[in-house]
Amino acid sequence: MTYQDDVAVERALASARAAGRPCALATVVATRGSTPRKVGASLVVDPEEGLTGTVGGGCGEAEVIEAAHRVLASRHPERIRVDLTEALTSWSPAVCGGTMDVFIEFVPARPGGGGA
Amino acid sequence: MTQEESIPGGGATPLDAAASAALALEAVASGASAAAVLAVAPGAHAGSRLLLVVDPDQGERVHGTLGLPALDDSAVAVARAAVADPRHRDGLVTLPEDVEAYVEVRRPVPDLVIVGAGHIALPMARMGAELGFRVWVLDDRPDFATRERFPSAHRVMRADFSDPFRDVSIHRHTHVLLVTRGHRYDYECLVEILRNPARPAYIGMIGSRRRVRATFLQLLDDGIPKERLGEIHAPVGLDIGAETPEEIAVAVAAELVKVRRGGTGASLRDMERVEERYFPGGEGA
């Protein structure tokens, strides 16, 4: 994560808050094997503005976005393991061969808005 | 640091991701470091976080809480150790009560101050931003120092070369590149930097070998102490035979990475002596 990445994430979180909307933040907290993004990669899922950042794209990211929508509905964080090994035989260029643990948290519309 | 603020649990209000991101960004932009400790399991604690800000001048500040004073104590200790360890890598740790937490450290933002907004500044600003620098571009020509020309820069400023750094602070995380339209201006800016007691991480100045030699002689004449001349990277960049502005920017970018990370600047295959060791007829054959 470069300074520019951090600025983009911070702005996305701040603009959702300024508009009075909750959003979700997904962060790669652990990886095993070969993965498209490393620990620390993050993705803001804002139901109105869409996505900021990336945790790797492709099927893995789709799983994360789905989980983010569950988190937005439940207001409770989730930790998921995205498995990129199973499709190894598929010869798809997106195959990486590793797993990554992603923590997805609810970001309330107001500071201290709870949900954790 | 004030004792009260350093007491873990003292920042007992919960800290969410948005507030934490804003605090961490503010910290690193002002030369401080920050470490966030985010509980990821078990469920009762998951999502709570603590942020430690370490400012070299003002000491430590704790924000947020993991919910229990004992947990906050160990989170602060973990965060403090992570900030102090230059080889720290972000990742998971286990705290007391079997709480698993993700620790993330942010260091002070390195600044790249490009003085002169001409043809080399364009690729340099882009590459600098991609390398994680906060890029500043200065020029006295309003047509050159424009936001349109430097969309990836943090700030694009009009500056008078007689007082170029009036609105930019030069500190130990600053990298300065002097590429103005005239060697005279580069020289004036260089003297300005060298008369300042703050020592930037990097000073680079464009110019031919002959020019650079004349510059060093002039600097001594102007009373700049000899030991400060060693801080100047001139001629600028690594030797890769750069000719175009983009190539020169690559040579300088490589030098910036080298200064930051260490390294020799040589080709790895030469350091590995690939030809000698791996090719048939070499010593390994």
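Rules and cut-offs
- Residues numbered from 1 in each chain as written.
- Chains lettered and ligands numbered in written order.
- Predicted model: local features only at pLDDT ≥ 70, side-chain atom pairs only at ≥ 80, totals over all residues.
- Helix = DSSP H or I, 4+ residues; strand = E, 2+ residues; numbered from the N terminus.
- Contact = placed C-beta atoms within 7 Å.
- Buried ≥ 20, exposed ≤ 12 C-beta atoms within 10 Å, placed from the backbone.
- Pairing = 2+ DSSP bridges.
- Axes fitted to C-alpha atoms, helices over the stretch in contact; angles between N-to-C directions.
- Parallel < 35°, antiparallel > 145°, perpendicular 65-115°, else oblique.
- Left-handed = near helix turned anticlockwise from the far one by under 90°.
- Nonpolar A, V, L, I, M, F, W, Y, C, P; charged D, E, K, R; others polar.
- Core = buried A, V, L, I, M, F, W, Y, C linked by C-beta atoms within 7 Å.
- Domains from an automatic or database assignment.

1. Here we look at the overall build of chain A
Right, so step 1: Secondary structure summary: chain A contains two helices and five strands in total.
Right, so step 2: From first element to last, N terminus to C terminus, chain A shows the α and β order α-β-β-β-α-β-β.
Right, so step 3: Restricting to contacts in chain A with at least 6 residues of sequence separation, those with at least 24 account for 55%.

2. Describing the pairing of strand E1 (residues 23-32) of chain A
Residues and elements named next belong to chain A.
Right, so step 1: With eight of its 10 residues buried, E1 lies for the most part within the structure.
Right, so step 2: Bridge count for E1 against strand E5 (residues 99-107) is nine bridges, and the pairing is antiparallel. Within E5, the residue paired with Cys23 across the bridge is Val107.
Right, so step 3: By the bridge criterion, four bridges tie E1 to strand E2 (residues 42-46) in an arrangement that is antiparallel. Bridge pairing in E2 links Ala26 to Leu43.

3. Brief notes about the packing of helix H1 (residues 3-18) of chain A against helix H2 (residues 17-29) of chain B
In helix packing, the relevant descriptors are the interaxial angle and the interaxial distance, both defined with respect to the helix axes.
Right, so step 1: Between H1(A) and H2(B), the least distance of the axes is 9 Å, while the angle of their chain directions is 135 degrees. Taken together, the axes of H1(A) and H2(B) lie oblique to each other. Here the hand of the crossing between H1(A) and H2(B) comes out left-handed. Contacts from Asp6(A), Val7(A), Val9(A), Glu10(A), Leu13(A), Ala14(A) and Arg17(A) in H1(A) reach Ala17(B), Ala18(B), Ala21(B), Ala22(B) and Leu25(B) in H2(B).

4. Details of the interface of chain A and chain B
Right, so step 1: Between chain A and chain B, the residue contacts involve 26 residues of the former and 24 residues of the latter.
Right, so step 2: Looking at the side of chain A that touches chain B, the elements that each hand over two or more residues are H1, E1 and E5 of chain A.
Right, so step 3: Looking at which element gives the most residues to the side of chain A that touches chain B, the answer is H1(A), with nine residues.
Right, so step 4: Class assignment of the residues belonging to the side of chain A that touches chain B gives a composition of 16 nonpolar, five polar and five charged.

5. Observations concerning the nonpolar core
One recurring pattern in soluble globular proteins: nonpolar side chains tend to sit buried together.
Right, so step 1: With 66 residues, the main nonpolar core has Leu13(A) and Leu52(B) as its most contacted residues.
Right, so step 2: Aside from chain neighbours lying at most four places away, what touches Leu52(B) is Ala34(B), Ala35(B), Glu60(B), Val62(B), Val76(B), Ala79(B), Arg80(B) and Val83(B).
Right, so step 3: One finds Phe133(B), Leu178(B), Ile248(B) and Ala249(B) within the second-largest nonpolar core, a separate group that totals 43 residues.

6. Examining the domain arrangement of chain B
Right, so step 1: Taken domain by domain, chain B holds domain 1 (3-106) and domain 2 (111-261).
Right, so step 2: A straight line from the C-alpha centre of domain 1 of chain B to that of domain 2 of chain B covers 36 Å.

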